[in-house]
Each structure stands twice: as structure tokens, then as C-alpha cells.
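Structural characterization, general
Residue strings, one per chain:
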Amino acid sequence: MKIVYCLDSIYQLSGMDIVTMTKAEALAMIPGNQVWVVAASNPRSLVHRMKHASMIDLNIHYYEHDNEGLLRSIIDLQKKRKQHRQKLNEFLENVAPDVVISVGVLTKYFLPTMKLSSTPVFIREQHTERHYNLHSATSLFKKMVALFGEFYDYYWRSRAYDMIAVLTERDRDGVWKHWTKVVVMPNPITHETGLVSDANAKIVVTAGRLAVMKNFSAMINIWAKVVRRHPDWVLNIWGIGCKEVELRTQIQRLGLNRHVFLMGYTEEISVEMSKGSIMLLTSLSEGFSLVTLEAMALGIPTVVYNCPGGISHLVKDGVTGYLVQMNDEDAFVKRVCQLIENARLRKAMGQAAKKESMQYNVDNIASRWMDLFHELLDKKQGTRNNTVF
């Protein structure tokens, strides 16, 4: 089977990029499969991350003129979209794939409308909670733009796909409940290193883009309250992003320079996470929360806000960690302190978390994808036969 993933530009490895490469590698190792990951641009040249799947760089740099004025950016965007469609069409015609999967945003509108001689199955992966843009809007105008975008995307463009893959049952049964072409496909564990936290270090960890939706400012406020009771514990935040300066200012203002550390970017996130004893998440919205799954796989208990999306699907409250009502900082502090003060509880929850994470082994997830591919291809072949006869 020939399978093609279509990714956005890879300027730094996002969770979505890592998940895609992990799945591509697993699928490429199944006998009879050929798998390609096609990126709009790949300046990091991440070919070395995959040994079995192939990485293709279309060399289309969408954002190179973003600092040259709004009009220039709009004109350049339209030009790049046309180039992208043309180059991708040429590649797909040459490969003649059975399955084409849209990941990210750059191809999601035009991909299923491409007329290819191989007539593949088109699948769109939805990696964010459906109302992500609405939740992240900071003004009435932006909320209106987000609502229009949702209508354009989900009630028009998305209907051209053979299947929409969402990450959790909560998402499918909520905002997608009136759709018939929706399937749940969770993300796999992407770093199976064999590492396990001993839950003894006085270190709390987290990771993610330093962006509005990750809500790290709330986490730092929470930590300011935690260190009043436990000044010997530290919080390590891994990631980079547009909010870094603002967060550093907050840390300094609250006198947390020796208690909260912005650690930057690492490609060895599992190694760094395994040094922690507790993992925190204060996001405003999560599609699936890969960092939570990775922490669970390392045997680390979690304290998380029960935000819109898939977090409650992962964390079993009181078993593998704690789910806290959104914006209840005092309750969050209480749960963190419970785990800090009870090593036996930390370790028991960590063990339960590791056991829970095993269902997301990459081989199990790859098998589910193969079953879906065969089902959709059989259905499409049956449609073709009915049309002919």
C-alpha cells in the first residue's frame, strides 16, 4: 500500500511533526507498504529521523516575506499556495498513492479536490480541538473571524474528505456528533526509550510551545503558591515560543528565579522529562496532549486542567493523576502539594499511568490505521464497481 502524509513547513519539531514521523515509520515497517512524508519545506533536513519512510521537501517557504508588509504577504501567500498545489500534484501523480493524509493546515483545503489518476482515499487528521481558534481568540473581531473560519472549514471544505480522524471519543461524540465520516485515531507514544522516572527528584516538569493556549502564565502563578510550602522543589518548563519574554518577566516579578526554569528546546524530551517526579498541564485547550501521554509512559503522575479536548480521555482522576476544574488555581495547588508530600502516592499513580499508556503503543496504533485504510479502500473500490456496472 502506498501512503502519503502531507505536512506543513518544519521549522522546529512540533508534537504533530513527531507524531506523523512516528506513525510513518511504523507503517513503513509493515510488509507491502511504502510511506512518504511530504513537507512544504523542511529546512531542518529531518531525513535522519526516519529509516524506513521517505521524507520529501517541496521547498516552498511560505513565510519568507511576512515582514515586508500585509499586501506583500497576501500576494506571496497566494503564489505559494499555487506552487504548493502544483508541486504536490506532480509528486502524487508520480507516486500514485492509495491513501493521502492531510496533516496541519497548508493542504487541508485543496488536497481532497485534487484530481489524481490513482483516485486515492483522502483522510484529514484533526490534531486540535475543533474550537481551538475560537478559544484562542482574544477580541470580538478575532472571535468573529474564528467562527467564519470554522464554518468555511468544517461545513464546506472538510466534507470533501473520505474520512476525518479525530483524537478522542469526547471530541467525536461532542462537536463532531452529527458527522458520519469521523473516526477516532489517538496519537501513539512517540518516544519508547525504556526510561522510567523513579519519582524521587524534587523536580516537576512540563513541555509545550510558550504560547497563549498553553497557559503557562497560570502554571507559574500556581507554582508561586506551591513554593511557599515546598521551596526545595523546582519547575522545569521545556519549549520555546512567542511568550518567552513575557514569562521570564513574570518569573522575575514573582521572585521565582530559583524555582521556575524556562529550559528551551530539546530533541531528547523523554530523557529530560524522566528526571521529573510530577508533570503539570494548564492548557486552555488540548487536542490530545502528547506531553501528557509521554509523561505517563515514563511513569510520571500528572496534574492537569480539565480543558476542552482530549485531556480527560488520558488522565484517570485519582488513579493516574488529577483532573482539576479549569482556572481553579487553589485546587490545582492542593493536588500538586498532595503528590509532593506523599512519595508513595506519587509512585503508585506513576505506575498506574505507565500501565494506562501501554494501549497507545505505536504498533497498536499502526494496526488500527491499517484496518481503516483497508476499510476505506474496499468501500471506494465497491463504489467504483457499482458505478461501472
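Data block above holds the structure.
These remarks concern the structure in this document.

All right, on to helix α11 (residues 329-341) then. The end-to-end C-alpha separation of α11 is 18 Å, in line with the 18 Å expected for 13 residues at 1.5 Å each. When α11 is considered as a whole, its buried residues turn out to be Phe332, Val333, Val336, Cys337, Leu339 and Ile340. Take α11 and look down its axis: the buried residues cluster within an arc of 160°, on one side only. More than 90 degrees from the buried face of α11, the exposed residues found are Asp330 and Lys334. Considering only its buried residues, α11 is in contact with α6 (216-229), β11 (278-281), β12 (302-305), β13 (321-324) and α12 (343-357).

For the rest of this paragraph, the subject is the pairing of strand β8 (residues 203-207). β8 sits mainly inside the fold: four of its five residues count as buried. Examined bridge by bridge, β8 and strand β9 (residues 234-238) share five bridges and lie parallel to one another. Each residue of the ladder has a partner; that of Ala207, found in β9, is Trp238. Pairing geometry for β8 and β11, over two bridges, is parallel. Bridging from a neighbouring strand, Val204 pairs with Ile278 of β11.

Time to look at the side chain of His230. Within the element layout of this structure, His230 appears in the loop between α6 and β9. At 2.7 Å, the side chain of His230 and the side chain of Glu341 are in polar contact.

Once that is clear, we can look at the pairing of strand β5 (residues 121-125). For a regular strand, the rule is simple: side chains alternate between the two faces of the sheet. Burial analysis of β5 places five of its five residues in the buried class, which makes it a mostly covered element. Going residue by residue along β5, you find Val121, Ile123 and Glu125 tucked away on one face and Phe122 and Arg124 tucked away on the opposite face as well. By the bridge criterion, four bridges tie strand β4 (residues 99-102) to β5 in an arrangement that is parallel. When the bridges of β5 are listed, Ser102 appears paired with Arg124. Pairing geometry for β5 and strand β6 (residues 163-166), over three bridges, is parallel.

If you check the backbone angles, Asn59 has positive phi at about 60° while not being a glycine. In this structure, Asn59 sits in the loop between β3 (54-57) and α2 (70-95). Phi is positive for Ala96, which is not a glycine, with a value near 55°. Within the fold, Ala96 resides in the loop between α2 and β4. Judged by its relative accessible area of 31%, Ala96 falls in the partly exposed class.

Here we take up the sheet that holds β6. Strand order in the open sheet formed by seven strands is β3-β2-β1-β4-β5-β6-β7, and the pairing between neighbours is parallel. With partners counted over all chains shown, the strands left at the sheet margins are β3 and β7 (182-184), one partner each. Taken over all neighbouring pairs, the strand axes of this sheet differ in orientation by 25° on average, direction set aside. Docked against the sheet, helix α1 (residues 15-28) engages β1 (2-7), β2 (34-39), β3 and β5, running at close to 170° with respect to β1. Across the face of the sheet, α2 comes into contact with β1, β2, β3 and β4 while running at roughly 170° to β1.

Procedures and definitions
Residues numbered from 1 in each chain as written. Predicted model: local features only at pLDDT ≥ 70, side-chain atom pairs only at ≥ 80, totals over all residues. Heavy atoms only, no water. Helix = DSSP H or I, 4+ residues; strand = E, 2+ residues; numbered from the N terminus. Expected span 1.5 Å × (residues − 1). Buried < 20%, exposed > 50% of the residue type's maximum accessible area, 1.4 Å probe, protein only. Arc of directions from axis to C-beta. Contact = heavy atoms within 4.5 Å. Pairing = 2+ DSSP bridges. Polar contact = N/O pair within 3.5 Å; in protein donor to acceptor, adjacent residues only side chain to side chain. Axes fitted to C-alpha atoms, helices over the stretch in contact; angles between N-to-C directions.

These figures come from the coordinates and say nothing about function on their own.
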